Amino acid sequence: METRRYGNTDMDVSVLGFGGSEIGYDSRVTAGDVKQLLDRALGEGLNVIDTAECYMNSEELIGETVADRRHDYYLFTKCGHASGLSGPDWNPAMLSAQIDRSLTRLRTDYVDVIHLHSCSLEILQQGEVIEVLQKAKQAGKTRYIGYSGDGQAALWAVESGLFDSLETSLSIADQQAIDLTMPKAKEQGMGVVVKRPIANAAWVTGQLPQSTYAQPYWHRLQELRYDFLSQPDSAATALRFTLMVPGVHTAIVGTTKPDRYTSNAAIATLGPLSADAYDAIRTRWHEVAKPDWVGLT
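This structure is a prediction, so every number in the text was calculated from the model and none was measured.

1. Re the sheet that holds strand 6 (residues 111-117)
- Taken together, eight strands build a closed barrel; the order of strands is 3-4-5-6-7-8-9-10 and the barrel is parallel. Each adjacent strand pair in this sheet contributes to an overall mean axis angle of 30 degrees, direction not counted.
- In the sheet, strand 3 (residues 16-19) pairs with strand 4 (residues 48-50) via two bridges, with the strands oriented parallel. Its bridge partner lying in strand 4, F18 is registered against I49.

2. Topic: the pairing of strand 7 (residues 142-148)
- Among the seven residues that make up strand 7, six are buried, leaving the element largely enclosed by the rest of the structure.
- Direction of pairing for strand 6 relative to strand 7: parallel, over a ladder of six bridges. Note that in strand 7 the partner of H115 across the bridge is G146.
- For strand 7 and strand 8 (residues 165-169), the ladder comprises three bridges, and the chain directions are parallel. Across the sheet, residue G146 finds its bridge partner in strand 8, namely S165.
- Since strand 7 and strand 8 lie parallel, the crossover through helix 7 (residues 151-160) that links them has a hand, and here it is right-handed.

3. Focus: helix 6 (residues 128-138)
- Residues of helix 6 that are buried: V129, I130, V132, L133 and A136. One face of helix 6 carries all of its buried residues, which in axial projection span an arc of 155 degrees. Turned more than 90 degrees away from the buried face of helix 6, the exposed residues are K135 and Q138.
- The inward-facing, buried residues of helix 6 abut strand 5 (74-79), helix 4 (92-106), strand 6, helix 5 (121-126), strand 7 and helix 7.
- Trailing helix 6 by a residue or two, G140 shows a phi angle of about 80 degrees, which is positive.

4. Concerning the packing of aromatic side chains
- Counted by the stated rule, this structure contains seven aromatic pairs.
- The ring centre of Y110 lies 4.4 Å from the NZ or CZ of R70, which sits over that ring.
- A cation over a ring is seen here: R196 above Y213, with NZ or CZ 3.7 Å from the ring centre.

5. A short note on the pattern of salt bridges
- For the structure shown, the criterion picks out 22 salt bridges.
- D26 is paired through a salt bridge with R28; the nearest N and O atoms lie 2.9 Å apart.
- Several salt bridges share partner residues, and in doing so they unite D10, R70, D112 and R143 into one network.

6. Description of the packing of helix 2 (residues 31-43) against helix 3 (residues 58-66)
- At a closest axis distance of 9 Å, the pairing of helix 2 and helix 3 adopts a crossing angle of 70 degrees. Here helix 2 is positioned roughly perpendicular relative to helix 3, judged by the angle of their axes. For the crossing formed where helix 2 meets helix 3, the hand is right-handed. Across the interface between the two elements, A31, V34, K35, L38, D39 and L42 of helix 2 pack against L61, I62, E64, T65 and V66 of helix 3.
- Residue composition of the contact of helix 2 with helix 3, by class: seven nonpolar, one polar and three charged.

Criteria and thresholds
- Each chain carries its own residue numbering, running from 1 in the direction its sequence is written.
- In view of the model being predicted, local features appear only for residues whose pLDDT reaches at least 70, and side-chain atom pairs are presented and counted only at 80 or more, with totals across whole chains, interfaces and linings using the full set of residues.
- Working from all heavy atoms in the structure, the side-chain values ignore hydrogens and water.
- Think of it this way: DSSP has to see at least two bridges between two strands before they count as a pair.
- Secondary structure elements are defined from DSSP: runs of H or I of at least 4 residues count as helices, runs of E of at least 2 residues count as strands, and each element is numbered from the N terminus.
- Under this scheme, a helix contributes an axis fitted over its contacting stretch, all axes are lines through C-alpha atoms, and angles between N-to-C directions fall in the 0 to 180 degree range.
- Note on exposure labels: buried denotes an accessible area under 20% of the residue type's maximum, exposed denotes more than 50%, and partly exposed covers the range between, all computed with a 1.4 Å probe on protein chains only.
- The path from the first strand over the helix to the second decides the hand: if it runs clockwise while the strands point away from the viewer, the crossover is right-handed.
- The directions considered for the arc are those from the helix axis to the C-beta atoms.
- For this analysis, residues touch if any pair of their heavy atoms sits within 4.5 Å.
- Any pair of Phe, Tyr and Trp rings, taking the six-membered ring for Trp, is counted once the centres come within 6.5 Å. Such a pair is stacked with planes under 30 degrees apart, edge-to-face with planes over 60 apart, and tilted for the rest.
- In this scheme, Lys NZ or Arg CZ marks a charge over a ring once it lies within 6 Å of the ring centre and within 35 degrees of the ring normal.
- The term salt bridge refers to a pairing of a side-chain nitrogen on Lys or Arg with a carboxyl oxygen on Asp or Glu at a separation within 4 Å.
- Working rule for angles: under 35 degrees goes down as roughly parallel, over 145 as roughly antiparallel, 65 to 115 as roughly perpendicular, anything else as oblique.
- Crossings are sorted by hand: turned counterclockwise from the far helix by less than a right angle, the near helix makes the crossing left-handed, and turned clockwise it makes it right-handed.
- Residue polarity is assigned by list, with Asp, Glu, Lys and Arg as charged and Ala, Val, Leu, Ile, Met, Phe, Trp, Tyr, Cys and Pro as nonpolar; anything else, Gly included, falls into the polar class.

Have a look at this one:
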């Protein structure tokens, strides 16, 4: 699988990464399922695993199943929501304790990146949460620090020069970041991990998704009406578009199905879209996108 240097860090990351939200939120998923899933993904060349403090038992499942392969992958997690700890979200003491809890859950002494999990612009500007991450970095609990989010808060994080990494939403149905933050993140030498890179495949069933998480993308795509959405390889086109955006280093895809990464890895080998195909998607977005079609966290 293709790898890309993650900004100014020392990491060469696979263009596809694993997103840990689905394994945490699906109560039917067992440790055996996750072991099979992650072993297969790592076997396909994936080397980025991304999770978060609030993805239910995602951190525990990852720690239980692949902690013994810790040197085979880069480990990213996110912090900020109390998720069972005492104290409000973004409280510095809680945040510090949460980082330690994540390390315990993940069965590791360090992670490669800790991202602040979509905190507001106001909280970012106060600076206390950033100081907690900086201290964690100094203590060796994380090698790099980042911000996960979108819009003006993400722009402030990028322009501040305080972060090594940006995690942001970007897809055929979510292109604000391409104009707002990606060029500046590239200038700053930030590593960029993209979440929701195929817009939650919101169009594939031809019906409004049951998940409210994907519904905004469904509504946008009804207006965008990309020609390729009716084609059998529409998901491949969507993923290849995202990976082609300048400054993107890795895109995380969540799944509970072990076979998914075999197909995703095959898509990654196809390489970028043609310049004409990429430009057509961008042009259509600029023609149709409404002012409130901002990045979805």
